[in-house]
Amino acid sequence: MEHLRNMSKLGKFIAARLTPEGELGLHLTLGVLSLAGAVWLFGGIAEEVMGADKMTDVDAQVAQWFHAHATSGLTRFMLAVTYLHSSISIGVLSALLGTYFYMSNARYWLLSLVVAVPGGMLLNVLLKHIFTRSRPTFSNPILTLYTYSFPSGHTAAATLFYGIIASYLVCLTRDWGTRSAIVAGAVLMVLLVGMSRLYLGVHFLSDVLAAMVESCAWLSICITASSTLRRHRAAGRGQQQRGSA
C-alpha cells in the first residue's frame, strides 16, 4: 500500500512538471533541461580546448580556411556585421528593445532583458579570464585584438539579444510555422555574427560554439526565473481574489 502511495505521489509530481499551467510546470521543466544540456555542452567544449584535443585541430583548420578565402568585399561586410554587434551596439539595441517592452507593459520581458544581456556579457568576461585562451594569430591579420578569446563575446551578446527577441515573439503566436521562422531567423543572425568573428580571424570555432551554449544556459536561467515569478504572482492574485469573493 505504501508503495502504491509513493507511485501515486511520483505520478502527480511528474504530471505537475509537464503541465503547461502552474508556476512550477512545463516551463520550469524545459528551462532546467535546457540549462543542463547547455552546461553539459559547454563543459565538453571547454574540456576539449583546455586539453588541446581534436577540437583544437579543427579550430586551426577552420581558422586557416577562412583566412585563406578572404576577399575585400566580404571583409567589409563581415566588419560591418561585427561592429553592429559590438558591446556598445548591443547595449544600444537592448536599450531600444527595453523601451519597447516598457511601453508595451511587458514588464517581465523587460526584467528578463535587463538581467540576461548585461549579466550574460559579464559572465562572458569572467569566463574569458578563467580560461585565458589566446586569440588566433596570422602573419597578415585582418583584425588584431589582444584580449582573451574563449568564449566569443560578440557571439554571446548576439545569442542573448536575439534569443530574448525570439522567445518574446514565439510567445506572441500559436502558429508553429511562424514560430519556426522566428527561431530560424534568430539562429541565422547568431550564426552570421559567429561567422564574422571566424572570418576576421579573432576567434576559433570552439570560441563561437562555447559562446552560443554559454548564453543559452544563461538565457534559460533568466527566462525561466522571470516566467516562474510571473506565474507565482498571478497565482497569488488568484488566491486573494478567491479569498475575497
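Overview of the structure. Only a predicted model underlies this, so the values are computations on that prediction, with no experimental measurement involved.

### Points about the packing of helix 6 (residues 107-131) against helix 7 (residues 153-172)
Geometry of a packed helix pair, given as the angle between the helix axes and the separation of the axes.
At step 1: Contact pair helix 6 / helix 7: the axes reach a minimum separation of 9 Å and the direction vectors enclose 160°. Here helix 6 is positioned roughly antiparallel relative to helix 7, judged by the angle of their axes. Crossing handedness for the pair helix 6 and helix 7: right-handed. The segment helix 6 lies against helix 7, with Trp 109, Ser 112, Leu 113, Ala 116, Val 117, Gly 120, Met 121, Asn 124 and Lys 128 engaging Gly 153, Ala 156, Ala 157, Leu 160, Phe 161, Ile 164, Ser 167, Tyr 168 and Cys 171.
At step 2: Tallied by class, residues from the contact of helix 6 with helix 7 come to twelve nonpolar, five polar and one charged.

### Considering the nonpolar core
At step 1: Counting 33 residues, the largest nonpolar core has Leu 97, Phe 101, Leu 113, Tyr 162, Ile 164 and Leu 200 as its most contacted members.
At step 2: Breaking this core down by element, the ones donating at least two residues are helix 4 (72-84), helix 5 (87-103), helix 6, helix 7, helix 8 (176-199) and helix 9 (205-244).
At step 3: Looking at which element gives the most residues to this core, the answer is helix 7, with nine residues.
At step 4: Excluding residues within four positions of it along the chain, Phe 101 makes contact with Ala 106, Trp 109, Leu 110, Leu 113, Ile 164 and Tyr 168.
At step 5: Counting residues in each nonpolar core, the second largest holds nine residues, with Ala 46, Leu 127, Phe 150 and Ala 210 among its members.

### Quick look at the environment of Ile 221
At step 1: The residue Ile 221 is located in helix 9 in this model.
At step 2: As a C-alpha pair, Ile 221 and Ser 112 span 109 residues in sequence and 9.4 Å in three-dimensional space.

### A few points about helix 8
At step 1: For helix 8, built from 24 residues, the straight-helix expectation of 34 Å at 1.5 Å per residue is met to within 8% by its first-to-last C-alpha distance of 34 Å.
At step 2: One side-chain oxygen of the residue at the start of helix 8 lies 3.3 Å from the amide nitrogen of Gly 177, identifying that residue as Asp 175.
At step 3: Once helix 8 ends, the next one or two residues include Gly 201, with phi positive near 75°.

### Structural notes on the packing of aromatic side chains
At step 1: Here the structure, examined in full by the defined rule, presents nine aromatic pairs.
At step 2: Centroid distance Tyr 100 to Tyr 168: 6.1 Å. Interplanar angle 80°. Geometry classified as edge-to-face. Residue Tyr 100 is found in helix 5, and its partner Tyr 168 is found in helix 7; the two are separated by 68 residues along the sequence.
At step 3: Plain terms: the ring middles of Phe 161 and Tyr 162 are 5.2 Å apart, the flat faces sit at 75° to each other, and that makes the pair edge-to-face.

### Some words on helix 3 (residues 54-68)
At step 1: The end-to-end C-alpha distance of helix 3, which contains 15 residues, comes to 21 Å, matching closely the 21 Å that a straight helix rising 1.5 Å per residue would cover.
At step 2: Along helix 3, the residues classified as buried are Met 55, Thr 56, Asp 59, Ala 63, Phe 66 and His 67. Along the axis of helix 3, the buried residues cluster in a sector spanning 105°; they form a single face. Turned more than 90 degrees away from the buried face of helix 3 sit Lys 54, Gln 61 and Ala 68, all of them exposed.

### A few points about the pattern of salt bridges
At step 1: Applying the stated criterion to the full structure yields two salt bridges.
At step 2: Taking the shortest distance from any N to any O, the salt bridge between Arg 133 and Asp 59 comes out at 2.9 Å. Highlighted residues: Arg 133 in the loop between helix 6 and helix 7 and Asp 59 in helix 3, separated in sequence by 74 residues. For the pair shown, Arg 133 and Asp 59 are each scored as buried.
At step 3: Three or more residues joined by partner-sharing salt bridges are found here, namely Asp 59, Arg 133 and Asp 207.

Definitions and limits used
In every chain, residue numbers begin from 1 and rise along the written sequence. The predicted nature of this model means local features are confined to residues of pLDDT at least 70 and side-chain atom pairs, given and counted, to a pLDDT of 80 or more, with totals for whole chains, interfaces and linings taken over all residues. With hydrogens and water excluded, all non-hydrogen atoms of the structure serve as input to the side-chain values. The convention used is that axes are lines fitted to C-alpha atoms, helices contributing only their stretch in contact, and that angles between N-to-C directions extend from 0 to 180 degrees. Counting from the N terminus, the helices are the DSSP runs of H or I reaching at least four residues and the strands are the DSSP runs of E reaching at least two. We call two directions roughly parallel when the angle between them is under 35 degrees, roughly antiparallel when it is over 145, roughly perpendicular when it lies between 65 and 115, and oblique otherwise. Crossing handedness: left-handed means the near helix sits turned counterclockwise from the far one by under a right angle, and right-handed means the same turn made clockwise. Contacts were defined at the residue level, with two residues in contact if any of their heavy atoms lie within 4.5 Å. Three residue categories are used. Nonpolar comprises Ala, Val, Leu, Ile, Met, Phe, Trp, Tyr, Cys and Pro, charged comprises Asp, Glu, Lys and Arg, and polar comprises the others, including Gly. Remark: nonpolar core denotes a set of buried residues (Ala, Val, Leu, Ile, Met, Phe, Trp, Tyr, Cys) joined through side-chain atoms within 4.5 Å. When accessible area is computed with a 1.4 Å probe and restricted to protein chains, residues below 20% of their type maximum are described as buried, those above 50% as exposed, and intermediate ones as partly exposed. To estimate the expected span of a helix, count its residues, drop one, and scale the result by 1.5 Å. Identification of polar contacts relies on pairs of N or O atoms within 3.5 Å, with a donor-acceptor requirement for protein atoms, meaning one able to donate a hydrogen and the other able to accept it, and with residues adjacent in sequence counted only if both atoms are side-chain atoms. Between 30 and 60 degrees the pair is tilted, below 30 it is stacked and above 60 it is edge-to-face, where a pair is any two Phe, Tyr or Trp rings, Trp via its six-membered ring, whose centres lie within 6.5 Å. In this description, the arc belongs to the directions extending from the helix axis to the C-beta atoms. The rule for a salt bridge is simple: a side-chain nitrogen of Lys or Arg has to be within 4 Å of a carboxyl oxygen of Asp or Glu.

All quantities given are derived from atomic positions and should not be read as evidence of function.
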